[in-house]
Number of protein chains: 2
Amino acid sequence: MRRILEIHPRGAPAYPVLCGPDLVEGLREAWQPGWKKAALIGDDNTLGMFGEHVATTLRELDVEVLKLSFAPGEASKTRGTKQALEDAMLRAGLDRHAVVVGLGGGIVLDVAGFVAATFMRGIDHIFIATTLLAQVDASVGGKTGVNTVEGKNLIGAFHHPRAVLLDTAALAQLPPDELRNGLAEAIKHAVIEDAALFASFEAWAANGGAASLRPPVDVIAACVGIKAQVVADDPREHGRRKILNFGHTVGHAIEHATSHAMPHGQAVAVGMVIEARLALARGRLSEEALVRLVALLTRLGLPTRPPCPFASAAPYFSRDKKNRDGNIHCALPSRIGEIAPVDGAFTTPVTVDELHDAWGS
Amino acid sequence: MRRILEIHPRGAPAYPVLCGPDLVEGLREAWQPGWKKAALIGDDNTLGMFGEHVATTLRELDVEVLKLSFAPGEASKTRGTKQALEDAMLRAGLDRHAVVVGLGGGIVLDVAGFVAATFMRGIDHIFIATTLLAQVDASVGGKTGVNTVEGKNLIGAFHHPRAVLLDTAALAQLPPDELRNGLAEAIKHAVIEDAALFASFEAWAANGGAASLRPPVDVIAACVGIKAQVVADDPREHGRRKILNFGHTVGHAIEHATSHAMPHGQAVAVGMVIEARLALARGRLSEEALVRLVALLTRLGLPTRPPCPFASAAPYFSRDKKNRDGNIHCALPSRIGEIAPVDGAFTTPVTVDELHDAWGS
């Protein structure tokens, strides 16, 4: 695995991000000698597919491995799942020197990271991200958490991993729609921060990318680098980190309105288009930029139109934890590669009517 | 209220500790203008006794107050209680700008602080400590958490309050045994760090203290100061903070063995005597020091003998999260006012036989 980044979170130790197909090599490089017991946490799918491979590697490093899994899917991302994992770890006698290894996609990493954040008041953890979406998004930033009936990620903590491994071999086993989910977030990073990266995506999509759907390591590295940089500048999301929410205000509402029938990445793709249309309506973004965004998403097989009428999504805007002050806040791009602040703010309050107009048919 | 300390935790904002009988004045001084909604969390007792007074004061500061309480006692210090509080806060629409006000003793502060630590990934909280035990111990240090069937404080987080109010008027309403619980921890602070403070306790106990059981503000301030200093030097308990565990290795086992029939402070009093006897047996502590400790505790009406045979406490030593490596670790004083490190370590591994010998009849 290649060391593509070193992340320096505020108030927490620096950690490496390794990327490549050889997980055994990556684990050996990232593993710390003091980690003698590990809770290997995944969902039933990820632990079934990759668990034994990881466990065997760890055992060769003289590590005692406790494998723990839960049912896949957003419905498992709860305080109950966290509690069951904690209880199993306590019963097995894991102590504050144990390490959590989160193995899977974003849901697994969010839950595993949150378990580590509060076990014995915080123990070390590392992430092995096996989906493109998790690789370009959830794996760095330190956000962990679970959902409640009131909304997503409402209970959680900031807790940074000690190493992140992006397993590109695992991508070969992902269904095309899962790859597309990751591509949506990857493209988001380009839109908010890096026009050259956006152009690379366009070129790659036109030259085989639309068929393989697996971006080269350099593109993955660039996306993670953007996420890491934005997060480093504003770890607690007081300001600039909000630009990462481009496409997400609308995306989250769509996920809720469809009861997650439309998965996160696809909902974000639609969300980006609607929020870009809002930016266009406000004279903030050019029509050309919107057209390029829609064209790239379409070429990669991502949706650009909402799967449900506005009326079914509308109630969910006010429930978003970012909108609890009564406004709907969107991070609106000013051009491909930039979300310029307006009066120092990186999100713009928009009205329900504006959103309705941008929703389209 | 008097500002007795300013605490500077690593990686978190500085915060004041106010001490005195005028809670209204203290709240007005500590309150921040951005705090517009508060979850006032106590147990049924503390909220019944002081809740309306605090809520009225906050409403006068234009704060919307959500009062939440749970059944008093260690049995409530669970993930379930935390979840119920979180759900009530979410249903009431509290967002990341809300503040948690923990009102009560150590259990309330530990739970309320943990709720604040993971609500929307961490919101502000302040503590109003109404018991002497909480005032000299749980109110500062940043440790929050809950118990599981496997042991105490196994799930939790480090999360520092934005202000701590020590309400000395509340002490007038505490039963004598509750005051004694606090005195045990207060005396512990003197034993581990401040010989002059220990002498002040002796003088105070001989001159009315044994009757009133309410130490003067200066003594409370000195105890909190010791706790704050030790914690500041070693926030994550990698080294010197372990001296705060004097009396607690044995104390926790006694609490478990008696199913909490012997409360925390009294168990710590017994624990200090047994651990001091261990220190004596190792030639580390003088007999005179042990005698002074036993005499002071006795004069204040605190127990100095275990309430149960060694055999019933023994199984709990290995379950303590500090002993999960198979050893039993005790912080043993080298004299009144000091726990000197041995080979750089602030705790000493002791054997079951040594503990058995020190248990006494």
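No experiment lies behind these values; they were computed from the predicted model shown.

Looking at the relation of the copies chain B and chain A
Here is step 1: Rotating chain B by 180° about the axis while translating it 0.0 Å along that axis superimposes it on chain A, leaving an RMSD of 0.0 Å. Taken together, the rotation angle and the small translation identify this as a two-fold axis. No C-alpha of chain B approaches the rotation axis more nearly than that of B:Gly11, which lies at 2.9 Å.
Here is step 2: Most of the interface of chain B is mirrored in chain A: 100% of its interface residues are interface residues there too.

A look at empty space enclosed by the protein
Here is step 1: For the structure on display, the rule yields 5 cavities of 30 Å³ or more.
Here is step 2: By volume, the largest cavity is sized at about 100 Å³.
Here is step 3: Together, A:Arg79, A:Lys82, A:Gln83, A:Glu86, A:Phe114, B:Arg79, B:Lys82, B:Gln83, B:Glu86, B:Phe114 and B:Ile155 line the largest cavity.
Here is step 4: Put simply, the parts of the chain that give the lining of the largest cavity at least two residues each are helix 3 (79–91) of chain A together with helix 3 (79–91) of chain B.
Here is step 5: Counted by class, the lining of the largest cavity contains 3 nonpolar, 2 polar and 6 charged residues.
Here is step 6: A volume near 80 Å³ is recorded for the second largest cavity.
Here is step 7: Lining the second largest cavity we find A:Ile7, A:His8, A:Pro9, A:Tyr15, A:Val140, A:Gly141, A:His160, A:Ala228, A:Val231, A:Ala232 and A:Pro235.
Here is step 8: With 3 residues, helix 9 (residues 217–233) of chain A is the largest single contributor of residues to the lining of the second largest cavity.
Here is step 9: When its residues are assigned to classes, the lining of the second largest cavity shows 8 nonpolar, 3 polar and no charged.

A closer look at the side chain of A:Asn181
Here is step 1: Position of A:Asn181 relative to the elements: it lies in helix 7 (residues 176–193).
Here is step 2: Setting aside anything within four residues of it in sequence, one finds A:Asn181 in contact with A:Leu133, A:Pro263, A:His264, A:Gly265 and A:Gln266.

What about the interface of chain B and chain A?
Here is step 1: Chain B puts 33 residues into the contact, and the matching count from chain A is 34 residues.
Here is step 2: Taken together, both faces of the contact between chain B and chain A bury some 2900 Å²; the carbon and sulfur share is 49%.
Here is step 3: Seen at the junction of chain B and chain A, the total is 4 salt bridges.
Here is step 4: We note a salt bridge from A:Arg79 to B:Asp87, for which the minimum N-O separation is 2.7 Å.
Here is step 5: At the junction of chain B with chain A, the criterion picks out 12 residue pairs in polar contact (both at pLDDT 80 or more).
Here is step 6: Of all the secondary-structure elements, those providing two or more residues to the side of chain B that touches chain A are helix 3, helix 4 (106–118), strand 7 (143–148) and strand 8 (151–158) of chain B.
Here is step 7: The dominant element in the side of chain B that touches chain A, judged by the number of residues it contributes, is helix 3 of chain B, at 7 residues.
Here is step 8: Taken together, the residues of the side of chain B that touches chain A break down into 10 nonpolar, 8 polar and 15 charged.

Some details on unusual backbone geometry
All names here are of chain A.
Here is step 1: Although it is not a glycine, Met-120 adopts a positive phi angle of roughly 55°.
Here is step 2: Tracing the backbone through its elements, the reader meets Met-120 in the loop between helix 4 (106–118) and strand 6 (124–129).
Here is step 3: Positive phi is not limited to glycine here, since Arg-121 has a value of about 65°.
Here is step 4: Secondary-structure assignment places Arg-121 in the loop between helix 4 and strand 6.
Here is step 5: Residue Arg-121 is classed as buried on the basis of its relative accessible area, which comes to 8%.

Brief notes about the side chain of A:His160
Residues and elements named next belong to chain A.
Here is step 1: Tracing the sequence through the fold places His-160 in the loop between strand 8 (151–158) and strand 9 (163–167).
Here is step 2: The exposure class of His-160 is buried, given its relative accessible area of 16%.
Here is step 3: When neighbours within four sequence positions are excluded, His-160 is seen to be in contact with Pro-9, Ala-12, Tyr-15, His-125, Gly-141 and Gly-142.

A word on the sheet that holds strand 1 (residues 2–7) of chain B
Residue and element names in this part refer to chain B.
Here is step 1: One open sheet accounts for 7 strands, arranged 1-2-9-6-5-3-4; its pairing is mixed. Two strands lie at the open edges of the sheet, namely strand 1 and strand 4 (64–70), each paired on one side alone. Between one strand axis and the next, the sheet turns by 20° as a mean value, whatever way the strands run.
Here is step 2: Against the sheet, helix 2 (residues 44–60) touches strand 3 (37–43), strand 4, strand 5 (99–104) and strand 6 (124–129), its axis set at about 160° to strand 3.
Here is step 3: Each of strand 3, strand 4 and strand 5 is contacted by helix 3, which is oriented at about 155° to strand 4, the strand it contacts most.

A look at the pairing of strand 3 of chain B
All names here are of chain B.
Here is step 1: With 6 of 7 residues buried, strand 3 lies mostly within the body of the structure.
Here is step 2: As paired strands, strand 3 and strand 4 are joined by 7 bridges and run parallel to one another. When the sheet's bridge partners are listed, Ala-39 is paired in strand 4 with Leu-66.
Here is step 3: This β-α-β element, strand 3 to helix 2 to strand 4, shows right-handed connectivity.
Here is step 4: The sheet contact formed by strand 3 and strand 5 spans 4 bridges and is parallel. Looking across to strand 5, one finds that Leu-40 is bridged to Val-101.

Description of the confidence of the model for chain A
Here is step 1: Averaged over all residues, the pLDDT of chain A equals 94, while 98% of them reach at least 70.
Here is step 2: The ipTM for the predicted assembly is 0.89, set against a pTM of 0.90.

Thresholds, definitions, all that
Residues numbered from 1 in each chain as written. Chains lettered and ligands numbered in written order. Predicted model: local features only at pLDDT ≥ 70, side-chain atom pairs only at ≥ 80, totals over all residues. Heavy atoms only, no water. Least-squares fit on C-alpha atoms with pLDDT ≥ 70 in both. Contact = heavy atoms within 4.5 Å. 1 Å grid on protein atoms, 1.4 Å probe; cavity = no way out; pocket = protein on both sides within 12 Å on 5 of 7 lines; lining within 4 Å. Points joined across faces, edges and corners; volume = space filled by probe spheres on them. Helix = DSSP H or I, 4+ residues; strand = E, 2+ residues; numbered from the N terminus. Nonpolar A, V, L, I, M, F, W, Y, C, P; charged D, E, K, R; others polar. Buried area = accessible area lost by both parts, 1.4 Å probe. Salt bridge = Lys/Arg side-chain N within 4 Å of Asp/Glu carboxyl O. Polar contact = N/O pair within 3.5 Å; in protein donor to acceptor, adjacent residues only side chain to side chain. Buried < 20%, exposed > 50% of the residue type's maximum accessible area, 1.4 Å probe, protein only. Pairing = 2+ DSSP bridges. Axes fitted to C-alpha atoms, helices over the stretch in contact; angles between N-to-C directions. Right-handed = clockwise from strand over helix to strand, strands pointing away. pLDDT = per-residue confidence, 0-100.

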